[in-house]
Number of protein chains: 4
Amino acid sequence: MPEPTRVRRTQAQRRRDAERTLLAAAAEAIAERGVSGASFAVIGERAGTSRALPTHHFGSKDALVARVASTAQDAVQSAMADAVRATSAFRHISGLDLIRTVADTYLELFEHPTAELRALLVMWGATFPSNASIEGMLEAERRAYEGWARNIRDGQADGSIRSDINPDPMAVVLHGMLRGVAAVVLTESEHTDVSSVRHAVQHWISGALEMTPPTGS
Amino acid sequence: MPEPTRVRRTQAQRRRDAERTLLAAAAEAIAERGVSGASFAVIGERAGTSRALPTHHFGSKDALVARVASTAQDAVQSAMADAVRATSAFRHISGLDLIRTVADTYLELFEHPTAELRALLVMWGATFPSNASIEGMLEAERRAYEGWARNIRDGQADGSIRSDINPDPMAVVLHGMLRGVAAVVLTESEHTDVSSVRHAVQHWISGALEMTPPTGS
Amino acid sequence: MPEPTRVRRTQAQRRRDAERTLLAAAAEAIAERGVSGASFAVIGERAGTSRALPTHHFGSKDALVARVASTAQDAVQSAMADAVRATSAFRHISGLDLIRTVADTYLELFEHPTAELRALLVMWGATFPSNASIEGMLEAERRAYEGWARNIRDGQADGSIRSDINPDPMAVVLHGMLRGVAAVVLTESEHTDVSSVRHAVQHWISGALEMTPPTGS
Amino acid sequence: MPEPTRVRRTQAQRRRDAERTLLAAAAEAIAERGVSGASFAVIGERAGTSRALPTHHFGSKDALVARVASTAQDAVQSAMADAVRATSAFRHISGLDLIRTVADTYLELFEHPTAELRALLVMWGATFPSNASIEGMLEAERRAYEGWARNIRDGQADGSIRSDINPDPMAVVLHGMLRGVAAVVLTESEHTDVSSVRHAVQHWISGALEMTPPTGS
DNA sequence: TATGAATGAGGTTTCATTCAT
DNA sequence: AATGAATGAAACCTCATTCAT
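What counts as what
Residues numbered from 1 in each chain as written. Chains lettered and ligands numbered in written order. Predicted model: local features only at pLDDT ≥ 70, side-chain atom pairs only at ≥ 80, totals over all residues. Heavy atoms only, no water. Axes fitted to C-alpha atoms, helices over the stretch in contact; angles between N-to-C directions. Helix = DSSP H or I, 4+ residues; strand = E, 2+ residues; numbered from the N terminus. Left-handed = near helix turned anticlockwise from the far one by under 90°. Contact = heavy atoms within 4.5 Å. Nonpolar A, V, L, I, M, F, W, Y, C, P; charged D, E, K, R; others polar. Near = heavy atom within 4 Å. Polar contact = N/O pair within 3.5 Å; in protein donor to acceptor, adjacent residues only side chain to side chain. Buried area = accessible area lost by both parts, 1.4 Å probe. Salt bridge = Lys/Arg side-chain N within 4 Å of Asp/Glu carboxyl O. Buried < 20%, exposed > 50% of the residue type's maximum accessible area, 1.4 Å probe, protein only.

A. Spatial organisation of the packing of helix α4 (residues 61–87) of chain C against helix α6 (residues 115–126) of chain C. All names here are of chain C. Close contact between α4 and α6 brings their axes to 9 Å; oriented N to C, the two are set at 120 degrees. As for how α4 packs across α6, the hand of that crossing is left-handed. Of the residues in α6, those in contact with V65, V68, A69, T71, A72, Q73, A75 and V76 of α4 are E116, L117, L120 and M123. Per-class residue counts for the contact of α4 with α6 are nine nonpolar, two polar and one charged.

Here you go:
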C-alpha cells in the first residue's frame, strides 16, 4: 500500500510555492490599496498564511515590494519581447514598426490587466513623491525610455522614422504617454474602451514619427 | 467707545492665513513624502503650528487632502484659462491651436513646478490603486479629458482638426500623455529638458490631429 | 456655590503629574523585570494609562530609561549630599569621615530601598554587556569613582588617610564594593542583614584607609 | 562485516562538539548584548549553524543560558581551586592567605577576560531585577559567599584573622566587593589598571581581616 | 482659536518555539 | 542529528483623532 505521496513536498518546493503565493498576494494588495496600504496583515491574510511569513521570506517590506516590482517588470518585458519575436520571425521589421508593436503590446496587456500589472502601475505612481523610492523602479523606468530612444535612432537609420526629430525628448514623450494612458485606462476602466485607445495611440505614433512619403513629384 | 479696529479683522483673516499656511505645508509634505507619508506631525511642524491644527481646521485628513487637491486644481485651471485668454484676445484661434496652447501651458508649469503642482501629480499617482479615493480627484480627471474631447470636436467643426479621428479615445490619449509626460519630467527632472519635451509634445499633437493640407497640386 | 475646583488642572500640571506617574511606573517595572522586560505595555498598565503615553511623553524607550536613570541618580546624590551637610554642619569633618558618611548613607538607602533605587542598580547591571548603553549611566559611574578618588586625596591632605595608598585604584575598589554589596544585599535581601553589612563596610574602610596611629614610641 | 570505525565515534563526539560551539557562541553573544539581547538568531549565526540548533540541543533559551552559566562557573571554580592547590602544595597556608589567594586569582582572571567570564558577570547583572531568574545563578552566588564565611571562620580558628569580626556580613562584603570591582573593571577596562586594583584589594583584605600584631610589648 | 495631552488601532519587525523534511 | 519553514506573541513606534484647557 503506497504512502500518500500527495503531501510530500521538498523544502525547496515549499519555499518556492510560498514565495509565489506571497508575491501574488502582495501584488493584489498593492493593486488594491497602494504600496503603503498593503500591510503585512492584509498580505498574509490574502495569502492564507501568517502575518509574519512575508518578513520571514523577504526580510522586510521594502524587499518584498522590490521583488513584486522586479517580478512584474520581468513579466511585462517578456510579453513585449515575445511580441517582437513573433512579429520579426518571418520578415525584417522597421524601427517604426518595432515601436508600434511594442507600444501596442504594452497597452494590450491592459485589456485584461493582471494584479501584477496593476501593481506595477500603482508602484510607478508611488514614485512621484520626491522622497519616495522603490528599489529598482527608477532604474527600470530609465532603461525603458532609453530603449525607446534607441529604437527611434534605429528607425531613423533605416529610414522608417523622420530624421528631423530629436530622439531623447521624443522617447520621454512616448514613454510618458504609454504610462499615462495606461494609468487613465486603469482608473477609468469603465469609461474607456481600451482597444479604441490602442488604435488612437497607433495613430499618434504614426503621425508623429512616420517618415512622410515624398509628396508631389 | 470704539473698539480697536486693527484687531477686528484679525479673527477672520487669521483663520484664512492659518488655512493658507496649512495648505501650503500640506502640499509640500505631499509632494515630498506622498499622501500617506504626509502625516499631521510633519505638516504641523512644517507649518510651524501644532499637530492638532490641521484637524481643527479641516476636520480630517481626507478633507485636508481634498482641499489641497482642489486648491491646486484651481491654480492649474486658472493658469490655463489665462493662457487661453491671452492667446485669443486679439484674434480668433482654432480648436487645434487651443489644444496646443493649453497643453503647452500645462507642461510649461513643470519647468519650475510649485509644491502645489507636484502635490497634484503625486495625488494623481495615489489614485491608481483600485480602492484608493481622493475626493474630487477622479471627477476632475474626467472633466479634464471630457474637455479635451469637446475641444477636439470644436476643432473638427472649424476644420483645424482631421475629421477622421474619434474624439473620445483621442482625448484619453491626449490627457494621459500630458499627465504621464509631466510625471516623467518630475521624477527625472535631472535627466530631461522640459522645453525640448514641450517641443516634442507640440510635434505629436500636430502630427496626430492636424488637418493635412491637400497634398498634390 | 463654588465650582468644583478639584477637577481643574492646568496643562502643565497634568504633564508634570503624568510624567511623574510614568517615571514611577517605569522604575517599578525596571526594578521588577529589568530594562528589557520593562515594556511599554507593562509600564502603561502599571501607571494606569495607555500603552502609548510613555512614547508621547518621552519620545522613545531609551529616552524614558535615561530619564529614570537620571532621576534616580539625582535622588541618590541629594540623599548623600544631605547627609554630608548634616554631618559637617557644626564641625569640620575629615576626608576619611566624609567617605565613611557617604558610603554609609548609600548603603542605608538599601535598608528600605525604593523602586527607583532598585531600578538604578538594575540599570547598572544592564550596562555590563559590552554593547549595552544606557545614556548617562557610564558617565555617572565615572563621576562617582572620580569623586571617591578626590575624597581620598583630600583625606590624605588633611592627614586622616594613609599617604601610602594609591587613590585611583582605591577609589575603584571602594566604588565597586559599594555597588557590589548593594547588589548582593538587594538580591539576597532575605538572607542578609543590611545594618550589620553596613557595619562591616565601615570596618573595611577604616582598616584600609585610616591613618594608623603612631605605634611604639 | 565490520562497520567503518572512523565514523562510529562521530555521532557522540559531533554532538559534544556542536554543544561546545553553541555554548561558546552563546557566551560571546551574552557578553556582548546581554541575556535578552542574545537571540537564537545571533547565537546561531555566530556558531555558524542554523537558528534552530540551540533549541534542538538545549530545549529552550533558559536552559541554554543556565548551561552557559554553569559552564562558566565551573571554569572559574576550577581556576581558583588550581590556584589554591598550587599555593598550598608545599606549605600549609593560613585562612587569611587562602582568602587572599582566591580573591586575587578571581580578579586576575579579569586581566584577560574570556567571553565566558564576561558572560558570567553579565548574567550576574541580569539577576538584579526582582523577578529575574537564571537557573543556578542565585544558588551559586549563595554558595560563594557561604564559602567566604567558612574561610573567615577557619582563619579565625587558626589565628590569622581577627576574632572580633562577624563572619557572615563580612563574607557578604568580601563577595560583593569582588563582584563589584570585577564589574567596574570590565565596564571601564580602558580607564582602570587591573593589576593595581588587585593590589588595592589585597590591601583592603589585609587591613580589614588581618590579626593585628600585638602592638607595643 | 489654538494647543497639547491622551488614546486605540495598526504598522513593521524580532523572537522563541514547533513541525515537517 | 540538523535544518529551515512557519507561526503567534509581543516589542517599539506612528498615526489620526478626541478632549480638556
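That was the structure; now back to the text.
B. Local environment of the protein's contact with DNA strand F. Surveying the vicinity of DNA strand F reveals 32 residues, the closest of which are R15 and H57 of chain A, F40 of chain B, K61 of chain C together with H57 of chain D. When the atoms of DNA strand F within 4 Å of the protein are sorted by group, sugar and phosphate make up 76%. One of the backbone nitrogen or oxygen atoms of S50 of chain A is found 3.2 Å away from a phosphate oxygen of DNA strand F. A distance of 3.4 Å separates a base nitrogen of DNA strand F from a polar side-chain atom of H56 of chain D. When contributions to the surface near DNA strand F are tallied by element, the ones reaching two or more residues are α1 (11–37) and α3 (53–58) of chain A, α1 (11–37) of chain C together with α3 (53–58) of chain D.

C. The packing of helix α6 (residues 115–125) of chain D against helix α8 (residues 167–187) of chain D, seen in detail. All names here are of chain D. Close contact between α6 and α8 brings their axes to 11 Å; oriented N to C, the two are set at 115 degrees. Considering how the two elements wind past one another, α6 and α8 form a crossing that is left-handed. Contact with α6, carried on its side by R118, L121 and W124, involves R179, G180, A182, A183 and L186 of α8 and no other residues of that element. Class assignment of the residues belonging to the contact of α6 with α8 gives a composition of five nonpolar, one polar and two charged.

D. The arrangement of the interface of chain D and chain C in detail. Counting residues at the interface gives 48 residues for chain D and 48 residues for chain C. Of the roughly 4,000 Å² buried at the junction of chain D and chain C (both faces included), carbon and sulfur atoms supply 74%. At the junction of chain D and chain C, the tally comes to two salt bridges. The salt bridge involving E188 of chain C is made with R142 of chain D; its shortest N-O contact spans 2.9 Å. At the surface where chain D touches chain C, the tally comes to 15 residue pairs in polar contact (both at pLDDT 80 or more). When contributions to the side of chain D that touches chain C are tallied by element, the ones reaching two or more residues are α1 (5–37), α6, α7 (137–157), α8 and α9 (194–209) of chain D. At 13 residues, α8 of chain D tops the list of elements feeding residues into the side of chain D that touches chain C. Looking at the side of chain D that touches chain C residue by residue, the class counts come to 26 nonpolar, 16 polar and six charged.

E. Molecular detail of the side chain of Q73 of chain D. Residue placement: Q73 of chain D occurs in helix α4 (residues 61–87). In this view, Q73 of chain D contacts L120, G136, M137 and A140 of chain D; residues no more than four positions away in its chain are not counted.

F. The arrangement of the environment of G176 of chain A in detail. Within the fold, G176 of chain A resides in helix α8 (residues 167–187). The spatial distance from the C-alpha of G176 of chain A to the C-alpha of E141 of chain A is 9.9 Å, given a sequence separation of 35 residues. Residues within four places of G176 of chain A in sequence aside, it is in contact with G176, G180, V181 and V184 of chain B.

G. Structural context of the pattern of salt bridges. Enumeration according to the criterion identifies 52 salt bridges over all chains in this entry. Where R15 of chain B meets E19 of chain B, a salt bridge forms, and the shortest distance between an N and an O atom there is 3.4 Å. Of this pair, R15 of chain B and E19 of chain B are both found in helix α2 (residues 10–37), four residues apart, which corresponds to roughly one turn of the helix. You can call R15 of chain B partly exposed: its relative accessible area is 42%. A salt bridge links R162 of chain D to D164 of chain D; the nearest nitrogen and oxygen atoms lie 3.1 Å apart. Of the residues examined, R162 of chain D reaches a relative accessible area of 18% and is grouped as buried.

H. Fine view of helix α3 (residues 40–47) of chain B. Every buried residue of α3 of chain B is accounted for by F40, V42, I43, G44 and A47 of chain B. Directly after α3 of chain B, the chain includes G48 of chain B, whose backbone phi takes a positive value near 70 degrees.

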